[in-house]
Every structure is written in structure tokens, then in C-alpha cells.
Amino acid sequence: MVLFTMGVSARLTAGPHSNPWLIGHAVVGVFWVIVGAVIFNQWLEWMSDASMPRTADRPIPAGKIRPRTAVILAAVATAFGLTYLAAFGTARLSGITALSWFLYAGVYTSLKPVSMWQTPIGALSGAAPILLGAEAAGGLANPNAWFFFAFLYLWQFPHAMAIASLYRDQFAQGNVRVAPVADPTGRTTMMMALGGAIALLCLGGVWVWAAGMPVWATAVITGSSFANLLVTLRFARRPDQKAARVLLRATVLHLPIVCIVLLSL
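Attention in this report is confined to the structure presented alongside it. (Residues numbered from 1 in each chain as written. Predicted model: local features only at pLDDT ≥ 70, side-chain atom pairs only at ≥ 80, totals over all residues. Heavy atoms only, no water.)

### Some words on unusual backbone geometry
The following threshold applies: The way it works is that DSSP assigns letters per residue, a run of H or I at least four long becomes a helix, a run of E at least two long becomes a strand, and they are numbered from the N terminus. Partly exposed describes any residue whose relative accessible area lies between the buried limit of under 20% and the exposed limit of over 50%, with all areas from a 1.4 Å probe on protein chains only and scaled to the type maximum.
Notably, Asn175 is not glycine yet its phi reads approximately 60°, a positive angle. In this structure, Asn175 sits in the loop between helix 8 (168-173) and helix 9 (179-182). We classify Asn175 as partly exposed; its relative accessible area is 46%.

Below, the structure written as C-alpha cells:
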């Protein structure tokens, strides 16, 4: 999904002087940095992962890879990716990638056992591929890049809250301070999910207007965002497992729908 949204962003923001080779190099370099970030994340969390059924089968807690081997692999993959981007990309592309890695593997992962505000921080890293794709296509100054970045950032709030609610007991067991664990009243969970869904609908309306999108694209993006809000409202009224599962599926559908529309423009 990181590479897919990065590619959508490159396609959306590409100008007449875009360099396909630079986009290709960006994909290769970012891929390896992602690999490094994911392995490093799992190395930091392997003891917590071992205590949760949903993550106990990951390579380190399952004993398939030793922690020392994993951290070496993470360092090599990250170093290779950043070096590749420095050699074949731009300084800004390398910088955004490095910052995204740090936010995800360093800040976000470190906040998981400490604060429920891990979600807003992690969402910045999750939306970074939009800026990476735009920079690779030479379109970072294109307003669509920043609208899409904000869209992906906000999309993560109802999505993350659905996952956090579904696996609340496991997260509590693994000492992961997601909102449903840190605030058992559910108020913070509802605020994050509803706030993200409402802001997503409002942003989508402004975006389609500012970009002058055709009627069909406006209808699909606005309609999908509105449907996402309705499902989130249902979740807010009755935050049980069924509602959380429906919300998760709705968010998983919402993002690809918007991406397909953007690719069709």
C-alpha cells in the first residue's frame, strides 16, 4: 500500500518535465527503507508481539529469526535504501524518506507503550508516501500532493481506531497504549474516529472543488467519504466488535476507491 499510494501520488502530480527514471529509482530506494523500518519495528516490539495472538507468529517471537539477525537486516536494508536514494534520487526525497523512517520506527514505535497519541504521530509517517511520490514526479508544489497527503493522514484515524477496538484486549495484554486501552471510557476512541471521518468528508469536498474534478469523480469521492462517515457514526453509537469490523472493512474499501478515481483523472 505504501508503494501503491506513492505511485498514485506520482501519477496525480506528474508534470510535463517528470522523469520516469527518477520515479523508478524512488520506488526501489523507498522499498528497501520500508523493509528496514518494518524489520526494525518488529525487533523493537518482539517481546510485546509475543504476548499477543495476532502478532505471536511474526518471525522474531516465533523463533524464525534471532533478534540480533533482525536488527542487522534492518540496518542493512535501511542503509542501502537511503544510500540508493542519495545516489539516484534527490536530496529532498532522501530527507523525507529518512524523516518518515524516524517517525515510524523511532517515535511512533517508542510511543506505543507510553501514550495513545502514538496514532497522530504514526499517521504522519503513514501519509508520507504521498509526498515521496510527488517529489519523485517533480510535483511536490502541486496542491493535489498536499490535499492527498492530508486525505491519507485523516483516513488513518477511523481505520486505526477500528483495529484498536477489535484487538483492544490483546493490545492491553501487550502494553500497547492505543486509545481504547488508555481511555477505557471510549471517548478518545470516538473522538479520533469521528473527528477523522468528519474532517475527511470536509477535506474531500474542498479538494474536489479546488482541483476542479469532473462531476463523476466528485460524486464518487464525496459519496465514499460520506458512506465512511455513516459507518463511523454507527461505530461511535455502538462500539462493539461487529461495528469495529464493519468500520475496518469500510476504511479498507474507501482508500482504494479514492485512489482509483485519482488514477482515472
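Now that the structure has been shown, the text picks up again.
### Regarding the packing of helix 7 (residues 143-166) against helix 12 (residues 241-264)
Inclusion rule: In this analysis an axis means a line fitted to C-alpha atoms, helices contributing only their contacting stretch, and an angle means the value between N-to-C directions, from 0 to 180 degrees. In this scheme, roughly parallel covers angles under 35 degrees and roughly antiparallel covers those over 145, while 65 to 115 is roughly perpendicular and the rest are oblique. Crossings are sorted by hand: turned counterclockwise from the far helix by less than a right angle, the near helix makes the crossing left-handed, and turned clockwise it makes it right-handed. Note on contacts: a residue pair is in contact if any heavy atoms of the two residues lie within 4.5 Å. Residue type decides the class: Asp, Glu, Lys and Arg count as charged, Ala, Val, Leu, Ile, Met, Phe, Trp, Tyr, Cys and Pro as nonpolar, and the leftover types, Gly among them, as polar.
Here helix 7 crosses helix 12 at 160°, and the two axes come no closer than 8 Å. With respect to helix 12, the axis of helix 7 lies roughly antiparallel. In this structure, helix 7 meets helix 12 at a crossing whose hand is left-handed. Along its contact with helix 7, which presents Phe148, Phe151, Leu152, Trp155, Pro158, His159, Ala162, Ile163, Ser165 and Leu166, the element helix 12 presents Gln241, Ala244, Arg245, Leu247, Leu248, Thr251, Val252, His254, Leu255, Val258, Cys259 and Leu262. In the contact of helix 7 with helix 12, the residues fall into 16 nonpolar, five polar and one charged.

### Some details on the packing of aromatic side chains
Filter applied, for reference: Aromatic contacts are taken between Phe, Tyr and Trp rings whose centres are within 6.5 Å, Trp giving its six-membered ring; a plane angle under 30 degrees counts as stacked, one over 60 as edge-to-face, and the others as tilted. We call a charge positioned over a ring when the NZ of a Lys or the CZ of an Arg lies within 6 Å of the ring centre and within 35 degrees of the ring normal.
As enumerated under the stated definition, the model contains twelve aromatic pairs in all. An angle of 80° between the planes, with centres 5.2 Å apart, marks the rings of Phe31 and Trp32 as edge-to-face. Using a relative accessible area of 34% as the deciding quantity, one classes Trp32 as partly exposed. With centroids separated by 6.0 Å and ring planes inclined at 45°, the aromatic side chains of Phe80 and Tyr84 adopt a geometry described as tilted. Here the residue Phe80 and the residue Tyr84 both occupy positions in helix 4 (residues 67-88), the gap between them amounting to four residues, near one helical turn. Overall, the relative accessible area of 17% leaves Tyr84 in the buried class. Taken together, the ring pairs in this structure connect Phe31, Trp32, Phe80, Tyr84 and Phe88 into an aromatic cluster. Sitting over the face of the ring of Tyr167, Arg54 holds its NZ or CZ atom 4.7 Å from the ring centroid.

### Things to note about helix 7
Convention followed: In a helix, the anticipated span is given by 1.5 Å times the number of residues less one. What qualifies as a polar contact is a pair of N or O atoms within 3.5 Å, subject to a donor-acceptor requirement within protein and to the restriction that residues adjacent in sequence count only when both atoms come from side chains.
If you check helix 7, its first and last C-alpha atoms are 36 Å apart, about what 24 residues at 1.5 Å a residue would give, namely 34 Å. The buried fraction of helix 7 amounts to 19 of the 24 residues, a majority that puts the element mostly inside the structure. Where helix 7 starts, the residue carrying a side-chain oxygen 2.9 Å from the main-chain nitrogen of Asn144 turns out to be Asn142.

### Details of the nonpolar core
Definition in use: What we call a nonpolar core is a set of buried Ala, Val, Leu, Ile, Met, Phe, Trp, Tyr and Cys residues that are connected through their side-chain atoms within 4.5 Å.
With 53 residues, the main nonpolar core has Phe148, Phe151, Trp207, Met213, Phe235 and Leu262 as its most contacted residues. Counting residues per element, the ones that place at least two in this core are helix 1 (2-13), helix 2 (20-44), helix 5 (91-111), helix 6 (118-136), helix 7, helix 10 (187-210), helix 11 (215-237) and helix 12. It is helix 7 that contributes the most residues to this core, 13 residues altogether. When residues no more than four places from it in sequence are discounted, the contact partners of Trp207 are Leu12, Asn144, Phe147, Phe148, Phe151, Met213 and Leu262. Judged by nonpolar contacts, the second largest core, of six residues, contains Ala164, Phe171, Val178 and Val181.

### A few points about the pattern of salt bridges
Threshold: By convention in these notes, a salt bridge is any Lys or Arg side-chain nitrogen within 4 Å of a carboxyl oxygen on Asp or Glu.
Tallied over the entire structure, the rule returns four salt bridges. Between Lys112 and Glu45 there is a salt bridge, with the nearest N and O atoms lying 3.1 Å from each other. Taken together, the residues span a long stretch of sequence, with Lys112 in the loop between helix 5 and helix 6 and Glu45 in the loop between helix 2 and helix 3 (46-50) at a distance of 67 residues. Residues Lys112 and Glu45 agree in their burial class; the two are buried.

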